[in-house]
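One-letter residues, chain by chain:
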Amino acid sequence: MKEFNLLTVAALCLALAFTSCSKSDDCHECHVAYMNSSQQEVEVEIGEFCGTDLEDVEAPGYLHSIEETIVGMDTVPAGDYNVHCEEHAGH
Amino acid sequence: MMNIFTTYSQTTGIVLDANNMPLNAVNIFLLDQNLLLFSNEDGQFITELDIPNSSYISFYKDGYSSKILKYKSGVELKIILEKLHIILDEVGVSDSYSELGNSRLINIEKKSLSSLNSISMVEDIAELSGVDMISSGLGIQKIVVRGLSGMRVVTYLNGMQINNQQWANDHGIGFTDLGLTEVELIKGASALKYGSEAIGGLLYFKDTPFTSSDKLKGFIFSGFNNSSYLSSSKFGIKWNKKRLYFNLYGQYSISSDYRLPNNTYLFNSRFQQNAIKFSLGYRYKNWQNIFRCQIHAEVSGIPGHVHEDPSEVDLIEITSSELSLSTDFKATRPTQFVKNQLFIYESNYMVNNFKVEFYAGHFINNLKEHEKWTRPSFDLNLSNTLLSPSLRYTSDKLSLQLGSQLIFQDNKNNINDRLVPDASSFNLGPYILIEYEKDNFGINSGVRYDYKRLTSDDQVLGLDYDNSFKSTSFSSGLYYRFIDHIFRITFSGAYRSPHVSELFSDGVHHGTSRYEIGNEQLDIEYANQIDFKYQWSTDHLGIIVNPFIQDISDFISLNLADSVISGYKVYNYMQYDKVEINGVEMNLHYHPHQLHNLHFEQSYSFLQAKNRYSEYGLALVPANSIKTKILFNFNDYERLSKYRFDYISVYHIYKFKQDSYAEYEELTDSYNVINFQLGLKFNSQFHCSLGLNNILNATYTPHISRLRGIAGGVPNPGRSLNINLKYEF
């Protein structure tokens with residue numbers, strides 16, 4: 001009986017350990033990346049994308065059009081750019 | 001003198017110390033049956049099993065010399081274990097059993113993986129001389145042996161070859177220490193039985209054996225590290241009923257980003273691991289069957305991700321000033337998703353002096369690397385099937401082993417984006433090994449022939465490749481013991497055929513921030529090694545000196561090209577005509593006569609890698625090092641042990657400056673790291689270990705860190721505290 005109880009406890013622990021409590025977030029902030037003359041990346045935020053919109057902007061070959069944008073000391077020219085939605089350190 | 005008697009298939013025996021006093025809790029390991037027994041308070045042990053003749057039995061107790069004997073029915077078993085002051089490399093001081101061969105004749109090193117004070121399994125193994133690790137925090141870690149890694153260091157888990165895209169530095173070892181008891185290591189090309197391709201070395205990880213007991217046994221473990229808020233929980237259960245044996249283990253670990261010495265956090269160094277495994281054994285007379293199953297899942301962030309030249313970024317761009325516990329445990333991008341499934345069936349039958357074995361293993365590795373949220377950059381399935389029949393004959397002095405390995409491997413892309421192509425291979429490797437020992441002298445020799453056919457018919461990349469590689473590997477060794485002096489020399493040769501990643505890579509590898517281009521013209525690389533080991537030990541002092549030289553021709557390497565594709569530097573695979581790796585490893589173990597519980601251990605690793613055809617050195621060659629451990633055991637001090645103190649230890653590593661490096665690497669300065677451990681023993685079942693790592697909060701980046709080339713070198717974790725608790729029942 002004692003053995004049975006231990007096995008039951010172990011099985012419950014296992015079930016809990018492998019159960020995820022988090023729900024997936026499917027909306028993400030995206031940006032285009034522009035390399036300035038010093039070969040440093042300048043990011044231009046293009047907003048949050050969710051679900052199929054996110055799939056679209058991450059699709060191969062997709063380019064996002066932006067107007068000329070000033071970010072800090074850099075001017076990002078108007079044009080079509082690849083989109084990046086991965087996170088970077090920043091907090 | 002001997003006390004064995006057999007009734008109703010019962011085998012009993014007794015274990016005593018040098019004063020004929022019974023020794024309890026001695027581990028009595030029936031090697032061929034993979035079964036562990038323990039002696040009772042009277043030093044006696046008993047098993048209902050029929051033990052076939054010529055079965056090996058190992059007797060081991062911490063602090064005593066271990067012994068191995070060949071079982072002979074009708075002969076009494078009375079074992080005497082002598083008190084041991086120094087445990088130095090096990091060899092010579094005591095007998096020890098090794099899966100990789102006779103440890104007297106082959107240079108085999110071992111590391112216990114059951115220690116409670118472990119930070120990580122790979123870091124534990126890297127305490128051995130000549131062993132280092134490539135890592136980016138605790139998430140992605142892999143072993144480097146004498147300056148070689150990746151495809152050149154072959155990993156086996158319970159007899160199964162682990163292939164998990166290990167060609168890349170950001171692809172870790174693929175499993176944890178869950179349920180493991182020990183790892184064996186052969187440095188260099190001497191591991192014939194387990195394949196010719198282990199030019200750098202071979203690691204063999206072993207599960208804890210089955211236990212013969214009327215009661216359910218097991219443990220619960222919980223660990224915490226405040227550097228990354230790593231939390232790890234494990235459990236294990238062992239059960240036995242008559243001829244049936246069952247082990248079950250589970251693990252769940254989660255970690256956030258690790259803290260650097262400057263109190264910032266390396267963004268995306270987080271990871272999660274969970275695993276479950278079981279082993280089922282059934283014995284009927286001389287026939288034994290074991291089935292093992294293991295499922296391991298891992299989600300590892302890839303830190304240091306930038307779009308510009310990684311060497312030009314500032315550390316502040318890839319670190320966070322604080323951790324958010326609500327978000328910084330969650331997977332972000334880029335991230336690796338790894339799923340490994342392992343299935344093993346082992347069977348052996350023993351009769352007279354023969355042991356017939358059959359081994360079948362199947363390992364499936366799925367690796368997805370996501371830079372984007374909705375689609376992977378690549379998604380690969382690598383399946384590996386190993387069949388291995390073998391026959392062993394043992395007599396008093398001679399051991400002969402014949403066998404073969406058949407390996408089927410299939411690499412399949414699940415999406416059109418790919419870094420390496422769809423490819424299949426078949427490898428056939430018959431081998432023969434002979435060992436002879438008489439008195440203080442031993443000799444071993446072995447030869448293996450390998451045939452490997454590699455095909456790739458990839459419509460997406462337009463590839464139609466069909467090639468075969470064949471070569472012979474060999475290893476021969478001599479052993480001689482003169483009083484307290486032991487001499488061993490091994491000469492071995494092996495080869496490695498090029499891997500599909502080296503032949504056909506063509507794309508951005510986000511894990512390494514490189515654009516890698518393979519080379520279809522690559523051919524076999526050959527290695528020859530001479531390894532000499534001298535060992536001398538007395539009751540209070542032990543010394544090992546282990547010089548070696550390895551010569552590798554047609555060495556396959558990545559070389560930096562003068563071009564950039566998609567913002568990533570281009571690296572081409574090519575072959576160097578001749579590479580020479582030589583060095584010496586030394587171990588010293590001392591304890592004063594007046595203070596037997598104080599142990600002073602030191603190891604030295606000096607390595608030199610020369611590329612005869614380039615002004616630069618080889619990539620990823622670790623710096624020379626001195627590793628020192630001072631351990632004090634409180635067991636014999638009642639005043640202290642009543643406060644639950646078990647042991648105290650200080651570990652120090654000094655890494656020399658590394659000024660030999662590849663064209664795309666940089667000089668790395670020397671550094672010191674000191675770790676402290678305190679062991680507590682609340683009772684015989686409940687243990688605790690407290691650790692303070694990197695006490696000096698040193699800022700250092702190992703030369704072979706995966707993050708060495710990013711932001712001038714991303715430092716390893718700063719000062720951190722870890723606590724591990726284990727309850728055994």
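Residues numbered from 1 in each chain as written. Chains lettered and ligands numbered in written order. Predicted model: local features only at pLDDT ≥ 70, side-chain atom pairs only at ≥ 80, totals over all residues.

1. A few points about the overall build of chain A
And step 1. Within chain A, the regular secondary structure consists of two helices and seven strands.
And step 2. Burial analysis of chain A (91 residues in total) assigns 16% to the buried set. (Helix = DSSP H or I, 4+ residues; strand = E, 2+ residues; numbered from the N terminus. Buried ≥ 20, exposed ≤ 12 C-beta atoms within 10 Å, placed from the backbone.)

2. A few points about the domain arrangement of chain B
Quoted interface sizes are often the accessible area lost when the parts come together.
Residue and element names in this part refer to chain B.
And step 1. Partitioning chain B into domains gives domain 1 (1-84) and domain 2 (202-728).
And step 2. When each unit is reduced to the centre of its C-alpha atoms, the spacing between domain 1 and domain 2 is 33 Å.
And step 3. If you look at the interface, domain 1 gives 15 residues, while domain 2 gives 17 residues.
And step 4. Considering every element that reaches the side of domain 1 that touches domain 2, the biggest residue donor is strand β4 (residues 35-38), with three residues. (Domains from an automatic or database assignment. Contact = placed C-beta atoms within 7 Å.)

3. Some thoughts on the environment of G429(B)
All names here are of chain B.
And step 1. For G429, the location among the structural elements is in strand β28 (residues 423-438).
And step 2. Remark: the alpha-carbon pair of G429 and I407, spanning 22 residues in sequence, is separated by 8.6 Å.
And step 3. Once residues lying within four places of it in the same chain are set aside, the contact partners of G429 are G195, S196, S404, Q405, R448, Y449 and D450.

4. So, the interface of chain A and chain B
And step 1. Residue-level contacts link 22 residues of chain A with 30 residues of chain B.
And step 2. Looking at the side of chain A that touches chain B, the elements with two or more residues in it are α1 (2-17), β1 (27-35) and α2 (51-57) of chain A.
And step 3. Within the side of chain A that touches chain B, the residues separate by chemical class into eleven nonpolar, five polar and six charged. (Nonpolar A, V, L, I, M, F, W, Y, C, P; charged D, E, K, R; others polar.)

5. Remarks on the confidence of the model for chain A
Residues and elements named next belong to chain A.
And step 1. When the pLDDT values of chain A are averaged, the result is 78; 70% of them are 70 or greater.
And step 2. The element-level mean pLDDT for chain A is lowest in α1, coming to 49, with strand β3 (residues 64-66) highest at 95.
And step 3. Across residues 13-24, confidence stays below pLDDT 50; counting only partners more than four residues off in sequence or on other chains, it has nine contacts. (pLDDT = per-residue confidence, 0-100.)

6. Some points on the confidence of the model for chain B
Residue and element names in this part refer to chain B.
And step 1. The pLDDT averaged across chain B works out to 90; a share of 97% of its residues lies at or above 70.
And step 2. Taken element by element, the predicted model of chain B shows its lowest mean pLDDT in strand β1 (residues 6-7) (44) and its highest in strand β19 (residues 244-255) (97).
And step 3. Of the regions scoring below 50 in pLDDT, residues 89-93 engages in 21 contacts with residues more than four places distant in sequence or in other chains.
And step 4. Both scores are available for the predicted complex, with the pTM at 0.91 and the ipTM at 0.77.

7. Concerning the sheet that holds strand β7 (residues 67-70) of chain B
Residue and element names in this part refer to chain B.
And step 1. Taking strand neighbours across the sheet as the criterion, the five strands line up as β7-β6-β3-β4-β16 in an open arrangement whose pairing is mixed. Only two strands of the sheet have a single neighbouring strand rather than two, namely β7 and β16 (210-211).
And step 2. Pairing analysis gives four bridges linking strand β3 (residues 27-30) to β4, with the strands arranged antiparallel. Paired with F29 across the strands is L36, a residue of β4. (Pairing = 2+ DSSP bridges.)

8. Focus: the nonpolar core
General note: in soluble globular proteins, nonpolar side chains tend to be found buried as a group.
Residues and elements named next belong to chain B.
And step 1. With 70 residues, the main nonpolar core has I143, V144, Y156, A198, L202 and L203 as its most contacted residues.
And step 2. In this structure I143 touches V122, I125, V131, M133, S149, V153, I173 and L203, once residues within four positions along its chain are discounted.
And step 3. Counting 22 residues, the second-largest nonpolar core is a separate cluster that includes I28, Y60, I79 and L81. (Core = buried A, V, L, I, M, F, W, Y, C linked by C-beta atoms within 7 Å.)

9. Considerations on the sheet that holds strand β7 (residues 83-84) of chain A
Residues and elements named next belong to chain A.
And step 1. Spatially, the three strands line up as an open sheet ordered β2-β1-β7, and their pairing is antiparallel. A single partner strand is all that each edge strand has here, and the edge strands are β2 (41-50) and β7.
And step 2. Across nine bridges, β1 lies against β2 in antiparallel orientation. By the bridge assignment, V32 is partnered in β2 with V44.

10. Some details on the pairing of strand β30 (residues 463-482) of chain B
Residues and elements named next belong to chain B.
And step 1. Sheet topology note: the strand β29 (residues 441-458)/β30 ladder contains 18 bridges and is antiparallel. Looking at the pairing, S456 lines up with Y465 of β30.
And step 2. Once β30 ends, the chain turns through two residues before running back antiparallel as strand β31 (residues 485-496), passing I483 with a positive phi of about 50°.

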